[in-house]
Amino acid sequence: MKSFNMLIAVLLVPLSAFSQQRFPKVIPAGNYSGVCAIGDDRYAVVSDKAPTDGFFVFRLEVDSLRGRIVSVANEGYRSSGLPNCDMEAICYFPPAGTVFIANEQHNEVNEYTLDGQRTGRRLEVPEDVRLANHNYGLESLCYDASRHRFYTTTERPLKGESSLRILAFDDDLHLAETYLYEPDAPVSRKYFHGVSELCALGDGRLLVLERQIRVPRLKLGARTVVRLYEVVPSGDTHLQKRLTHEVKTRLSLTSRKFANYEGLCTLPGGWLLLMADSQNRFKGVLRDWLLLVPEDGNM
């Protein structure tokens, strides 16, 4: 029934309705890198260059029929009081009513109360992953309540490896399984590439957000290619991926829709929310874009 209702909703809405949105008067300029639902239409959001360690809480009103954000309210920043360690991803952990945040500086995944304080608990990330290059370290995180698993991975394969390791942790924060994922090759050497997020769909499936970015020296002509791939962690450690979405953006004299999408989470009604890192609205040109796309199928 959900799939049928979703199909009807998509058929009723023109593709132009699935457009990027921004709320500059409510959402401050940031470097948004991760987002997750925490209940009551509220979403925890991390910014990798925020002044301190912690997260924002935004309340979103969504028109689930048309796939549009109607309004956003900023409920403020929940700080731990510690220095920002390059926070890249966040997920909600229902059994404890807490959130976990992955940081790239130390390649750790720490637990926080909803008022922003660290609990002292963290996922038992293997040492070789914690020692990964912090520029290409832990960039993604999600929790699948149906399988009681956290999932995280590095932005690029570890040195000497060709596959990404998607690490699965149980509710006791112990490493339970390791899966291998083959990322796309870059379009060319001019493109920066890697996995920036994982998203659990709640039924055992995961989405992997792969991005490729080209930024010329003069910035005009900058492009992004964002692809979402579906995988199903199971008995086979080598994951098979299926493309579900592709989003392209660019920066030109007539278009400022360039968006480096880093955050991804599910929304009620069968939608996905993508959130862009604008580098603090770089030089007044880049924007903190939000994008809703249908959970199943291409746009």
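It should be emphasised that the depicted structure is a prediction, and the values quoted were computed from it without experimental measurement. (Residues numbered from 1 in each chain as written. Predicted model: local features only at pLDDT ≥ 70, side-chain atom pairs only at ≥ 80, totals over all residues. Heavy atoms only, no water.)

1. Comments concerning the sheet that holds strand E18 (residues 271-277)
Each strand in a sheet pairs with another by means of backbone hydrogen bonds, the pair being arranged parallel or else antiparallel. Spatially, E17-E18-E19 is the arrangement adopted by the three strands of the open sheet, whose pairing is antiparallel. Every interior strand has two partners, whereas the edge strands, strand E17 (260-267) and strand E19 (290-294), have only one. Strand-to-strand, the axes of this sheet are offset by a mean angle of 25°, without reference to chain direction. Summarising the sheet, E17 and E18 pair through seven bridges and their orientation is antiparallel. Its bridge partner lying in E18, Tyr261 is registered against Ala276. (Pairing = 2+ DSSP bridges. Helix = DSSP H or I, 4+ residues; strand = E, 2+ residues; numbered from the N terminus. Axes fitted to C-alpha atoms, helices over the stretch in contact; angles between N-to-C directions.)

2. A look at the layout of surface pockets
Approximately 540 Å³ is the volume found for the largest pocket. Forming the walls of the largest pocket are 25 residues, and the residues nearest its centre are Ile213, Val215, Asn260, Asp277 and Gln279. At the level of elements, strand E14 (206-214) and E17 are the ones that each hand at least two residues to the lining of the largest pocket. Among the residues making up the lining of the largest pocket, the classes are represented as eleven nonpolar, three polar and eleven charged. Here the second largest pocket defines a volume of roughly 430 Å³. Cys36, Ala37, Tyr143, Ala200 and Thr266 are the residues nearest the centre of the second largest pocket, which is lined by 28 residues in total. Of all the secondary structure elements, the ones that give two or more residues to the lining of the second largest pocket are strand E1 (32-39), strand E2 (42-47), strand E5 (87-93), strand E9 (142-144), strand E13 (192-200) and E17. By residue class, the composition of the lining of the second largest pocket is 20 nonpolar, three polar and five charged. (1 Å grid on protein atoms, 1.4 Å probe; cavity = no way out; pocket = protein on both sides within 12 Å on 5 of 7 lines; lining within 4 Å. Points joined across faces, edges and corners; volume = space filled by probe spheres on them. Nonpolar A, V, L, I, M, F, W, Y, C, P; charged D, E, K, R; others polar.)

3. Observations regarding unusual backbone geometry
Not every positive phi belongs to a glycine, and Gln279 is a case in point at roughly 55°. By secondary structure assignment, the location of Gln279 is in the loop between E18 and E19. You can call Gln279 partly exposed: its relative accessible area is 37%. (Buried < 20%, exposed > 50% of the residue type's maximum accessible area, 1.4 Å probe, protein only.)

4. Digging into the sheet that holds strand E3 (residues 52-63)
With antiparallel pairing, four strands are arranged side by side in an open sheet as E1-E2-E3-E4. Looking at the sheet topology across the chains shown, the edges are occupied by E1 and strand E4 (68-83). Neighbour-to-neighbour, the strand axes of the sheet open up by a mean angle of 25°, direction not taken into account. As judged from the ten bridges shared by E3 and E4, these two strands associate in the antiparallel manner.

5. Comments concerning empty space enclosed by the protein
Tallied over the entire structure, the rule returns two cavities of 30 Å³ or more. Approximately 50 Å³ is the volume found for the largest cavity. Lining the largest cavity, in full, are Val129, Leu138, Thr153, Thr154, Pro157, Leu158, Glu161, Ser163, Arg165 and Leu167. Within the lining of the largest cavity, the residues separate by chemical class into five nonpolar, three polar and two charged. Of the volumes computed, that of the second largest cavity is approximately 40 Å³. What lines the second largest cavity is simply Ile27, Val35, Tyr43, Val45, Phe58, Leu60, Leu273, Met275 and Leu290. Of all the secondary structure elements, the ones that give two or more residues to the lining of the second largest cavity are E2, E3 and E18. Looking at side-chain class alone, the lining of the second largest cavity contains nine nonpolar, no polar and no charged residues.

6. Some thoughts on the pattern of salt bridges
Applying the stated criterion across every chain, the model contains 24 salt bridges. A salt bridge links Glu230 to Arg205; the shortest N-O distance between them is 3.0 Å. Of the two residues, Glu230 sits in strand E15 (residues 223-231) while Arg205 sits in the loop between E13 and E14, which places them 25 residues apart along the sequence. A relative accessible area of 16% places Arg205 in the buried class. A salt bridge links Arg205 to Glu295, with the nearest nitrogen and oxygen atoms 4.0 Å apart. Highlighted residues: Arg205 in the loop between E13 and E14 and Glu295 in the segment after E19, separated in sequence by 90 residues. Through salt bridges that share partners, Asp184, Glu210, Arg227, Lys241, Glu246 and Lys248 make up one connected network. (Salt bridge = Lys/Arg side-chain N within 4 Å of Asp/Glu carboxyl O.)

7. Some details on the pairing of E14
Regular strands have side chains that alternate between both faces of the sheet. Along E14, eight of the nine residues are buried, which leaves the element largely enclosed by surrounding structure. The pairing of E13 with E14 spans eight bridges and is antiparallel. Within the sheet, the bridge partner assigned to His193 lies in E14 and is Gln212. The hairpin formed by E13 and E14 contains five residues between the paired strands, and Gly202 there has a positive phi angle of roughly 90°. With nine bridges connecting them, E14 and E15 associate as antiparallel partners. Pairing of Arg214 across the sheet is with Arg223, part of E15.

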